[in-house]
Amino acid sequence: MSIFHRKNRKPALPYDPETQQPAVRKSICTGEMTAGFIDRQTGKFTDLMRLDGQAGLEQFKKDTGAEEIKEIY
């Protein structure tokens, strides 16, 4: 076994595209971004993680496999 082997690779974020939609909630005042999912039936936003700038947003897109992310203010 190599010392450079990654055995604990983080899996992509699991979500159900039929019932959940990936979204980012942005603060108008501070610019803070929080990634999460919106329930399509109730419209409730569930926080998942805080994003650090555009790089964090791109990583969230990559992890969810979504082309477009809805923005909430």
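In short, a report on the structure. In this text, all values refer to a predicted model and were calculated from it rather than measured experimentally.

## Topic: the pattern of salt bridges
Now for step 1: What the rule picks out here adds up to 4 salt bridges.
Now for step 2: One salt bridge connects Arg50 with Glu32, and the closest N-O pair in it is separated by 3.1 Å. Within this pair, whereas Arg50 is found in strand β3 (residues 45-51), its partner Glu32 is found in the loop between β1 (20-26) and β2 (33-39), the two being separated by 18 residues in sequence.
Now for step 3: Looking at Glu32, the relative accessible area reads 38%, which means it is partly exposed.
Now for step 4: A salt bridge links Asp52 to Arg50, with the nearest nitrogen and oxygen atoms 2.6 Å apart.
Now for step 5: A residue is classified by how much of its surface remains accessible, and Asp52, at 56% relative accessible area, is exposed.
Now for step 6: The exposure class of Arg50 is exposed, given its relative accessible area of 53%.
Now for step 7: Here the salt bridges do not stand alone but share partners, grouping Glu32, Arg50 and Asp52 into one network.

## Considerations on the nonpolar core
Now for step 1: In terms of nonpolar packing, the biggest core is built from 9 residues, these being Leu13, Val24, Met33, Ala35, Leu51, Leu57, Phe60, Ala66 and Ile69.
Now for step 2: Not counting chain neighbours up to four residues away, the residues in contact with Ala66 comprise Tyr15, Pro22 and Lys61.

## Section: the pairing of β1
Now for step 1: In terms of strand pairing, β1 meets β2 through 7 bridges, oriented antiparallel. Within the sheet, the bridge partner assigned to Arg25 lies in β2 and is Thr34.
Now for step 2: Connecting β1 to the antiparallel partner β2 that follows it, the hairpin turn spans 6 residues, and Gly31 within it adopts a positive phi of roughly 80°.
Now for step 3: Here β1 pairs with strand β4 (residues 70-72) via 3 bridges, running parallel. Bridging from a neighbouring strand, Arg25 pairs with Ile72 of β4.

Rules and cut-offs
- Residue indices follow the written sequence of each chain, beginning from 1 at its first position.
- Two thresholds apply to this predicted model, a pLDDT of at least 70 for residue-level local features and 80 or more for giving and counting side-chain atom pairs, whereas whole-chain, interface and lining totals are computed over all residues.
- To obtain the side-chain values, all non-hydrogen atoms of the structure were used and water was disregarded.
- Any Lys or Arg side-chain nitrogen located within 4 Å of an Asp or Glu carboxyl oxygen qualifies as a salt bridge.
- A helix here means a DSSP run of H or I that spans at least four residues, while a strand means a run of E at least two residues long, and both kinds are numbered starting from the N terminus.
- Burial classification: accessible surface area is computed with a 1.4 Å probe over protein chains only, and a residue below 20% of its type maximum counts as buried, one above 50% as exposed, and the rest as partly exposed.
- In this text, buried Ala, Val, Leu, Ile, Met, Phe, Trp, Tyr and Cys residues form a nonpolar core when linked through side-chain atoms within 4.5 Å.
- What makes two residues a contact is simply this: any of their non-hydrogen atoms within 4.5 Å.
- For two strands to pair, DSSP has to find at least two bridges joining them.

Structural measurements only, silent on function.
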